[in-house]
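The lines below spell out each chain.
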Amino acid sequence: MQKVLWAILLVAFTLLIFLSSSLPMSESGRLSSLAADFLQRLLALADISVDGNLEHLLRKLTHFTAFAVQGWLLCRTFSEFRLAGRAANGYVLFLGLLTAVVDEYIQGFSAGRTSAVNDVLLDFSGTLSMWLACRIWQWSRH
């Protein structure tokens, strides 16, 4: 039963990534702006100032984090199915990269948004970082 639960969580989260990429720039930008304004107010309360475009930084950090979460779900799902070693590593990394490429492809068809190879690399770096963290965790336990 747990196998199915992890697989459902993985698929649902991946669909959420794709759904957010299909939002038009006007909607995506509005959500990012709200989040950046909220964060800016929190930082101001702590008397911290941020130089640069906080909204842009927040967007990139969100992409990295979303793909790190998906990477964790991939690792966890393959672990539940008792698929380990090189096969699991290959599947996790391939599916993370595939999701990043499809995500950018979807964005290319969303109103006002563009696709960029740099974003594929950023997204995949989230997956790669979490995969590496999971492998280090596994290796440290043996």
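Conventions and cut-offs
Residues numbered from 1 in each chain as written. Predicted model: local features only at pLDDT ≥ 70, side-chain atom pairs only at ≥ 80, totals over all residues. Heavy atoms only, no water. Helix = DSSP H or I, 4+ residues; strand = E, 2+ residues; numbered from the N terminus. Expected span 1.5 Å × (residues − 1). Contact = heavy atoms within 4.5 Å. Buried < 20%, exposed > 50% of the residue type's maximum accessible area, 1.4 Å probe, protein only. Arc of directions from axis to C-beta.

Peer 1: Looking at this structure, I do not really get helix α5 (residues 117-140). What am I missing?
Peer 2: Because the α-helix completes a turn every 3.6 residues, residues three or four places apart line up on one side. In this model, α5 (24 residues) spans 34 Å end to end at C-alpha, consistent with the 34 Å of a helix rising 1.5 Å per residue. Contact partners of the buried residues in α5: α3 (54-80) and α4 (85-108).

Peer 1: Would you explain helix α1 (residues 2-22) in this entry?
Peer 2: Compared with an ideal rise of 1.5 Å per residue, which puts 21 residues at 30 Å, α1 spans 30 Å between its outermost C-alpha atoms and is within 8% of the ideal. Residues of α1 that are buried include every one of Trp6, Leu10, Thr14, Ile17, Phe18 and Ser21, and no others. Taken end-on, α1 shows its buried residues confined to a sector of 110 degrees, consistent with a single buried face. The exposed set on the far side of α1, more than 90 degrees from its buried face, consists of Ile8, Leu15 and Leu19. Packing partners of the buried residues in α1 comprise α3 and α4.

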